[in-house]
Amino acid sequence: MTTFAPAPTERYLLAPDLVADPYGHLDALRESDPVQWSPLHHAWLVTGYDEVMRCLRDRAVSADRVRPLMDAVPQGAREDAERAFSILSRWMVFNDPPQHRRLRQVFQEAFAARAVARYSTFTEKVTRAVLTRKAAPGRSGDLMADVAKPLPALVFARWLGIPPTDGPSFWYWNARVADLVLGTAQEESEYRASLQALVSLEDYLGALVERRRAEPGDDLISQVLAEGRVGDTVSEQEFVGMLTQMAFAGGETTSNLIANTVLALHTRPDQLAAVRAEPDLAQGAVEETLRLDGPSKMSIRTAAQDLQLGGHTLRAGDRIFLVTAAANRDPARFPDPGRFDVTRGGATHLGFGFGAHFCIGAALARLVAVCAVRTLVCERPGLALADPARLSWQPSLLNRSLTALPVHY
């Protein structure tokens, strides 16, 4: 019979100390019981690796969470919400198989590692240009604002085919959509701005699809249109709706992955030295960050029907938090799980999910993050954290995001 440690005191996961460092509490939850009901969050907290994997594979666990997002919108903003939530309902991350598979297949070729590799030279060129402009040796700055945010934005905009002159509006809309999807919009005015931004983003991308159909380019939209699936296996409305997901998902995750990896290395001199001595280990550094302190802490699911998990009965309609930040530190799966080791191999981390919902943009995110980390580590040997003891993190259940990363270049 399995025995567990005593259950820790129930804590709100957005308490300031847990936003700053959630891992001790998450470890305690997993050790006490990897599946437990949280009255405070009205959700099951699933923190064990095997249990999270079971949920990611089980069709009784649904990814459809548009309704809970809708329920969170203040009453006064509901009139703006109908079209916005219709758009969200077309995001593949909010759909279950077989619908999810049908939507995803439209992008499968464009996101394959071999297709993404075509952007490696462009990514290296843009990385050096950003560092030359924003991270000149000898100056001080915020690595989040100087490098981690603009670099993925430039690469993703080029990949999607966004003209440079449209960049400011495009990234403003993305930031507001992130407020909605990640739950950081609180006031009615913030919800209204986010809902309108999602509608504006869809209008813009719909017009861009028409432009690329008439004048194809070397970008994602043109490639997918050329494959002939739009209008066949998916409608144009579904395609444009999914493009709003691509636009939102690309920059945020990769920005946080870059910043978190730089922080991890510069607080561990031995690992930093290892990457400097062998630059290809930048890949290992990025993978270890995804496992140990990645940009995503959890994903939210719903029980589509009753199921048994870890000795508990989860009822249809119950909300489920798949806490990958805890599962990725499960000692039953990862030896010495609290150690950051750029040479670690073995078990698969869940930093990009798993199975049907494995992050479709993982290859592109890895390309950009590895290039940024390798270049910063190897070409900016004087880079140092300005004040690592005073870092702050965005309050989010889902994301692990620094508010800033002050450095000396």
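From a predicted model like this one, the values you see are computed outputs, not experimental measurements.

What counts and how
Residues numbered from 1 in each chain as written. Predicted model: local features only at pLDDT ≥ 70, side-chain atom pairs only at ≥ 80, totals over all residues. Heavy atoms only, no water. Core = buried A, V, L, I, M, F, W, Y, C linked by side-chain atoms within 4.5 Å. Buried < 20%, exposed > 50% of the residue type's maximum accessible area, 1.4 Å probe, protein only. Helix = DSSP H or I, 4+ residues; strand = E, 2+ residues; numbered from the N terminus. Contact = heavy atoms within 4.5 Å. Pairing = 2+ DSSP bridges. Axes fitted to C-alpha atoms, helices over the stretch in contact; angles between N-to-C directions. 1 Å grid on protein atoms, 1.4 Å probe; cavity = no way out; pocket = protein on both sides within 12 Å on 5 of 7 lines; lining within 4 Å. Points joined across faces, edges and corners; volume = space filled by probe spheres on them. Parallel < 35°, antiparallel > 145°, perpendicular 65-115°, else oblique. Left-handed = near helix turned anticlockwise from the far one by under 90°. Nonpolar A, V, L, I, M, F, W, Y, C, P; charged D, E, K, R; others polar. Salt bridge = Lys/Arg side-chain N within 4 Å of Asp/Glu carboxyl O. Phe/Tyr/Trp six-rings, centres within 6.5 Å; stacked < 30°, edge-to-face > 60°. Lys NZ or Arg CZ within 6 Å of the ring centre and 35° of its normal.

Participant: Tell me about the nonpolar core, and please be specific about residues and values.
Facilitator: With 115 residues, the main nonpolar core has Phe107, Leu143, Leu205, Phe239 and Leu405 as its most contacted residues. With 14 residues, the top contributor of residues to this core is helix α15 (residues 236-266). Residue contacts for Leu405: discarding those within four places in its chain leaves Gly141, Asp142, Leu143, Met144, Ala259, Val262, Leu263, Leu385 and Leu391. Judged by nonpolar contacts, the second largest core, of 19 residues, contains Trp44, Val46, Leu307 and Leu322.

Participant: Could you give me a rundown of the sheet that holds strand β8 (residues 319-322), with the residues and numbers involved?
Facilitator: Read across the open sheet, the 5 strands follow the order β1-β2-β8-β5-β3; overall the sheet is mixed. Each of the sheet's edge strands pairs with one partner strand only, and the pair in question is β1 (35-38) and β3 (61-62). Across 3 bridges, strand β2 (residues 43-46) lies against β8 in parallel orientation. Residue pairing across strands places Val46 opposite Leu322, the latter belonging to β8. Contacts from helix α3 (residues 49-57) reach β1, β2, β3, β5 (299-303) and β8, with the element oriented near 125 degrees to β8.

Participant: Can you tell me about empty space enclosed by the protein, naming the residues and giving the values?
Facilitator: Applying the stated criterion across every chain, the model contains 2 cavities of 30 Å³ or more. Considered as a void within the structure, the largest cavity measures approximately 70 Å³ in volume. Here the second largest cavity is characterised by a volume of approximately 50 Å³. What lines the second largest cavity is simply Tyr23, Leu290, Arg291, Leu292, Asp293, Gly294, Ser296, Lys297, Thr324, Ala325 and Asn328. Among the secondary structure elements, those contributing two or more residues to the lining of the second largest cavity are α17 (282-292) and α18 (324-327).

Participant: Would you mind going over the packing of α17 against helix α19 (residues 362-379) in detail, with residue names and values included?
Facilitator: Two elements in contact, α17 and α19, have axes whose closest approach is 9 Å; the angle formed by their N-to-C orientations is 120 degrees. In terms of orientation, α17 lies oblique with respect to α19. Relative to α19, α17 is oriented so that their crossing is right-handed. Together, Ala282, Gln283, Val286 and Glu287 of α17 and Arg366, Ala369, Val370, Val373 and Arg374 of α19 make up the contact between the two elements. Residue classes in the contact of α17 with α19 are distributed as 5 nonpolar, 1 polar and 3 charged.

Participant: Explain the pattern of salt bridges to me, using residue names and the numbers behind them.
Facilitator: All told, the structure shown has 25 salt bridges when counted by the stated rule. Put simply, Arg139 and Asp146 hold a salt bridge, and the shortest N to O gap is 3.3 Å. When its relative accessible area of 34% is taken as the criterion, Arg139 is described as partly exposed. Here Asp146 falls in the buried class, since its relative accessible area comes to 9%. Salt-bridge contacts for Arg344 lead to Glu288; the nearest nitrogen and oxygen are separated by 2.8 Å. Taken together, the positions of Arg344 in the loop between α18 and α19 and Glu288 in helix α17 put the pair 56 residues apart, joining distant regions of the chain.

Participant: Quick rundown of the layout of surface pockets? Include the residues and the values.
Facilitator: If you add up the space inside the second largest pocket, you get close to 440 Å³. What lines the second largest pocket is a set of 21 residues, among which Lys149, Asn174, Ala175, Ala178 and Glu252 lie closest to the centre. Looking at the lining of the second largest pocket, the elements with two or more residues in it are α12 (167-181) and α15. A total of 6 residues in the lining of the second largest pocket trace back to one element, the largest contributor, which is α12. Grouping the constituent residues of the lining of the second largest pocket by class yields 8 nonpolar, 9 polar and 4 charged.

Participant: Can you tell me about the sheet that holds strand β4 (residues 140-142), naming the residues and giving the values?
Facilitator: Here we have 3 strands laid out as an open sheet, ordered β4-β10-β9, and antiparallel in their pairing. Two strands bound the open sheet, and with one partner strand each, they are β4 and β9 (384-385). Pairing of β4 with strand β10 (residues 406-408), which is carried by 3 bridges, proceeds in the antiparallel orientation. From the neighbouring strand, Asp142 faces β10, where its bridge partner is Pro406.

Participant: Which residues make up the packing of aromatic side chains, and what values go with them?
Facilitator: One pass over the structure, following the stated rule, counts 11 aromatic pairs. Each ring, one from Phe156 and one from Trp159, has its centre 5.9 Å from the other, and the planes form 75 degrees; the classification is edge-to-face. Linking Phe156 with Trp159, this pair stays in helix α11 (residues 150-160), spanning 3 residues, or about one helical turn. The same class applies to Phe156 as to Trp159, namely buried. For the pair Phe170 and Tyr204, a centre-to-centre distance of 6.3 Å together with 55 degrees between the ring planes defines the contact as tilted. Here the residue Phe170 occupies a position in helix α12, and Tyr204 occupies one in helix α13 (residues 188-214), the gap between them amounting to 34 residues. By way of ring pairs, the aromatic residues Phe107, Phe111, Phe156, Trp159 and Phe239 are connected into one cluster. The ring of Phe122 is capped by Arg158, whose NZ or CZ atom sits 5.7 Å from the centre of that ring.

Participant: Lay out unusual backbone geometry in plain terms, naming residues and giving numbers.
Facilitator: Residue Pro97 is joined to Pro98 through a cis peptide bond whose omega torsion reads 0 degrees. Even without being a glycine, His42 presents a positive backbone phi close to 50 degrees. Summarising the element assignment, His42 is placed in the loop between β1 and β2. Its identity as a non-glycine residue notwithstanding, Asp336 has a phi of 45 degrees, on the positive side. Counting through the fold element by element, Asp336 comes out in the loop between α18 and α19.

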